[in-house]
Amino acid sequence: MRQYETFELTFSGSAPRDQWAAIDLEATFTCGQKTTAVKGFYDGGGQYKVRFLPEEPGEYFWQVSGAVSAEGRETCVPAQGSHGPVRASGAHFQYADGTPFLPFGTTVYALASQDDALVDKTIAALKNAPFNKIRMCVFPKHYDYNHNDPPCYPFEKRLDGSWNTGKPNTAFWQRLEAILDRIGALDIQIDLILFHPYDRWGFASLPQKDNLQYLDYLLRRLSAKPYIWWSLANEYDLCGSKTLSDWEEIEEFVAVNDPCRHLLSSHNCFCFWDFSRKHVSHCSIQTKALTEIPRWLLRYQKPVIIDECCYEGDLPHAWGSISGREMAYRFWRCVCSGGYCTHGETFLSDDDVLWWARGGSLKGESPRRIAFLRKILESLPGPLEPWITGWSGLGLLTPEQIKEKLEGGYTPGDFTCLALVSIQRMQPDDRAVHLASEHMWRARCGEEAFLQFFGIQTSAECVFDLPKDKRYRVELIDVWEMTRTVQLEHASGSVQVCLPGREGMAVLITREK
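The structure contained in this document is the topic of the report that follows. (Residues numbered from 1 in each chain as written. Predicted model: local features only at pLDDT ≥ 70, side-chain atom pairs only at ≥ 80, totals over all residues. Heavy atoms only, no water.)

### Observations regarding the overall build of the chain
Stage number 1. A tally of helices and strands in the chain yields ten helices and 30 strands.
Stage number 2. For 513 residues, the compact-globule formula gives about 24 Å, and the C-alpha radius of gyration of the chain, at 25 Å, lands near that figure.
Stage number 3. With respect to the principal axes defined by its C-alpha atoms, the chain has extents near 80 × 55 × 50 Å.
Stage number 4. Counting the 513 residues in the chain, one finds 56% classified as buried. (Helix = DSSP H or I, 4+ residues; strand = E, 2+ residues; numbered from the N terminus. Rg over C-alpha atoms; globule rule 2.2 N^0.38 Å. Buried < 20%, exposed > 50% of the residue type's maximum accessible area, 1.4 Å probe, protein only.)

### Digging into helix α5 (residues 293-300)
Stage number 1. Judged by how many residues are buried, α5 sits mostly within the fold: six of eight residues are covered.
Stage number 2. Gln301, located one to two residues past α5, shows a positive phi value of around 55 degrees.

### Some details on the pairing of strand β2 (residues 25-31)
Stage number 1. Residues Leu25, Ala27, Phe29 and Cys31 line the buried face of β2, whereas the alternating positions Glu26, Thr28 and Thr30 sit on a face that is not buried.
Stage number 2. Judged from the six bridges that link them, β2 and strand β6 (residues 58-66) form a sheet pairing that is antiparallel. Along β6, the bridge assignment pairs Thr30 with Phe61.
Stage number 3. Where β2 hands over to strand β3 (residues 34-39), the hairpin turn is made up of two residues, of which Gly32 adopts a positive phi near 65 degrees. (Pairing = 2+ DSSP bridges.)

### What about the pattern of salt bridges?
Stage number 1. Applying the stated criterion across every chain, the model contains 30 salt bridges.
Stage number 2. Note that Asp43 is salt-bridged to Lys49, the shortest N-O span being 3.2 Å.
Stage number 3. We classify Asp43 as buried; its relative accessible area is 6%.
Stage number 4. Judged by relative accessible area, which is 15%, Lys49 ranks as buried.
Stage number 5. Measuring nitrogen to oxygen at the nearest pair gives 2.8 Å for the salt bridge that ties Glu55 to Arg87. Taken together, the residues span a long stretch of sequence, with Glu55 in the loop between β5 (47-52) and β6 and Arg87 in strand β8 (residues 86-89) at a distance of 32 residues. (Salt bridge = Lys/Arg side-chain N within 4 Å of Asp/Glu carboxyl O.)

### As for the side chain of Lys225
Stage number 1. Within the secondary structure, Lys225 sits in the loop between α3 (208-222) and β16 (228-231).
Stage number 2. Classification of Lys225 by relative accessible area gives buried; the value is 7%.
Stage number 3. Engagement of the side chain of Lys225 in a polar contact is seen with the side chain of Asp181, the distance being 3.1 Å.
Stage number 4. Beyond its immediate sequence surroundings of up to four residues, Lys225 is in contact with Thr6, Arg51, Asp181 and His262. (Polar contact = N/O pair within 3.5 Å; in protein donor to acceptor, adjacent residues only side chain to side chain. Contact = heavy atoms within 4.5 Å.)

### What to know about the sheet that holds strand β24 (residues 442-445)
Stage number 1. Taken together, the six strands give an open sheet; going across it, the order is β23-β24-β25-β30-β27-β28, and neighbouring strands pair in antiparallel fashion. If you trace the sheet from one side to the other, it starts and ends with β23 (385-386) and β28 (483-491), each paired once.
Stage number 2. Here strand β27 (residues 472-478) pairs with β28 via six bridges, running antiparallel. Pairing of Glu475 across the sheet is with Val486, part of β28.

### A word on unusual backbone geometry
Stage number 1. Here Gln301, not a glycine, exhibits a phi torsion of approximately 55 degrees, which is positive.
Stage number 2. Gln301 gets classed as exposed once you look at its relative accessible area, which sits at 54%.
Stage number 3. A positive phi is found at His490, a non-glycine position, where the angle reads about 60 degrees.
Stage number 4. Mapping His490 onto the fold places it in strand β28.

### Describing the sheet that holds strand β7 (residues 70-76)
Hydrogen bonds along the backbone pair up the strands of a sheet, which may run parallel or antiparallel.
Stage number 1. Sheet architecture is open: four strands sit in the order β3-β2-β6-β7, paired in antiparallel fashion. Whereas interior strands pair on both sides, the edge strands pair on one side only; in this sheet they are β3 and β7. Averaged over all pairs of adjacent strands, the angle between strand axes in this sheet comes to 20 degrees, irrespective of strand direction.
Stage number 2. Here β2 runs beside β3; their pairing, made up of six bridges, is antiparallel. Pairing of Cys31 across the sheet is with Lys34, part of β3. (Axes fitted to C-alpha atoms, helices over the stretch in contact; angles between N-to-C directions.)

### A word on the packing of aromatic side chains
Stage number 1. The tally for this structure, following the rule as stated, stands at 42 aromatic pairs.
Stage number 2. The interplanar angle of 10 degrees and the centroid separation of 6.3 Å between the aromatic rings of Phe104 and Phe331 together place this pair among those described as stacked. Taken together, the residues Phe104 in strand β11 (residues 104-107) and Phe331 in helix α6 (residues 324-335) connect sequence positions 227 residues apart.
Stage number 3. Residue classification places Phe104 among the buried residues on the basis of a relative accessible area of 1%.
Stage number 4. For Phe331, a relative accessible area of 0% corresponds to the buried category.
Stage number 5. For the pair Trp332 and Phe453, a centre-to-centre distance of 5.7 Å together with 35 degrees between the ring planes defines the contact as tilted. With Trp332 in helix α6 and Phe453 in strand β25 (residues 449-453), this pair connects stretches of sequence that are 121 residues apart. (Phe/Tyr/Trp six-rings, centres within 6.5 Å; stacked < 30°, edge-to-face > 60°.)

### Notes on the packing of helix α2 (residues 170-184) against α3
Stage number 1. For the pair α2 and α3, interaxial distance at closest approach is 12 Å and the crossing angle is 45 degrees. On the basis of their axis angle, the class for α2 and α3 is oblique. Remark: the crossing between α2 and α3 carries right-handed chirality. The segment α2 lies against α3, with Thr170, Trp173, Gln174, Glu177 and Leu180 engaging Tyr214, Tyr217, Leu218, Arg221 and Leu222.
Stage number 2. Here the contact of α2 with α3 is built from residues that sort into six nonpolar, two polar and two charged. (Parallel < 35°, antiparallel > 145°, perpendicular 65-115°, else oblique. Left-handed = near helix turned anticlockwise from the far one by under 90°. Nonpolar A, V, L, I, M, F, W, Y, C, P; charged D, E, K, R; others polar.)

### Thoughts on the nonpolar core
Stage number 1. Formed by 103 residues in total, the largest nonpolar core has its most connected members in Val138, Ile183, Leu194, Tyr214, Trp230 and Trp332.
Stage number 2. The biggest single contributor to this core is α3, with seven residues.
Stage number 3. Ignoring sequence-local partners within four residues, the contact set of Leu194 consists of Val138, Phe139, Tyr214, Leu215, Leu218, Trp230, Ser231, Leu232 and Val254.
Stage number 4. Grouped together as the second largest cluster of nonpolar side chains are 20 residues, Phe29, Cys31, Val38 and Trp62 included. (Core = buried A, V, L, I, M, F, W, Y, C linked by side-chain atoms within 4.5 Å.)

### As for the environment of Asp237
Stage number 1. Looking at the secondary structure, you find Asp237 in the loop between β16 and α4 (244-256).
Stage number 2. What makes Asp237 partly exposed here is its relative accessible area of 25%.
Stage number 3. With 29 residues separating them along the chain, Asp237 and Ser266 place their C-alpha atoms 9.8 Å apart.
Stage number 4. Excluding its chain neighbours within four sequence positions, the residues that come into contact with Asp237 are Asn268, Cys269, Phe270 and Cys271.

Purely geometric stuff here, so don't read any function into it on its own.
Okay, structure coming up:
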């Protein structure tokens, strides 16, 4: 047994008589004063399994009861290269051992539903890509450019054609796990999508009792995997067969029955999930309104990932036809607002193999630029927070804060108070639109580093007000050409930086040691 690595016990026995999902098989793992209970599962072929993820080194005593009775001891040795599951830490993420994790994601929804050759090709592409997180579904997907049937299905069918969630198809689950393990071995976190609306097989309309039985079996099998995140759904609000109460019950069930407390969120089409709910670890958002990221960070006090902001490609759909340059820019806008971003690629192909849906090869221009950005961020001394200065902060004030500021009165020449009166009359969403400026793409790491992305602005100069008691190096970055040029050294106080007067520029200011 090794810390942060899945430990598995396997036992032989007769197959369960009635159903294979919610079998009576439990185990406890005790190390010192801490005991963790997990449920086991039937894996077909007379094989019963129990999985456990040890997060602390030491001596473990385990006991298995139910369909199998056994006990034993294992020594868990300290991790070697493994960092454990990713957790939320304030507005950012870190591994269980405290190592920072900066998500740079991509999307291959139906990867697990492709044939082995395409899976192999996709994993080979991931190995050389800049992404350390992937969004993918458990169930097959039926949508434009994605009409193939999967190699196998997760459950057996009854005579009436309905799915028997009590009889999982172990071939499906073994194949899914093999794919997940190969991706996890690349140090890529898997944001596993549990439900989605794009369906012709009936998985999107299972009765709620079947939804919970499916989740119970999935959690028994996968919760001990260190690289897993739970996404309740892709576009949960388009799943017409589920009520909000159903979704809340699903969220509660996943959280309560996951002994490893993996990250958990839900992705929207139109209506955001309530990210203030106690089991939700982070915000998973589909939007183009990236100027709102600082507001969401203030509101939810949790990490914000823009998991869908349109895709680089050439589809007839607006969501799948932004340029590689714009995809790269959106990554910069997100990180320079204190959030994170997820990539997708949708180039037309004669064989209908589009990366966002099925995988294959990456064809776009943005991945190289995303790799360049990732290298810059991982070189900083810590995660970035929104760098709010001047007028850009007014749109983040709550109605209560605006009222408090105005209670002291104002004079006609007090433009700040006049602006607050105007903002007070706006709806919250209108405030962001009105005050949105490319100057909002500013982030900082305390007084150690400052980063500003100018986007489509073509400024020829910019002034930065830096701490006077510290010295900084100022770099000019061309985010598309991927160049870094030192402009100033030993800078402090008010600093004027010359810019080339073209779009796609950024300035990185780092403290000199």
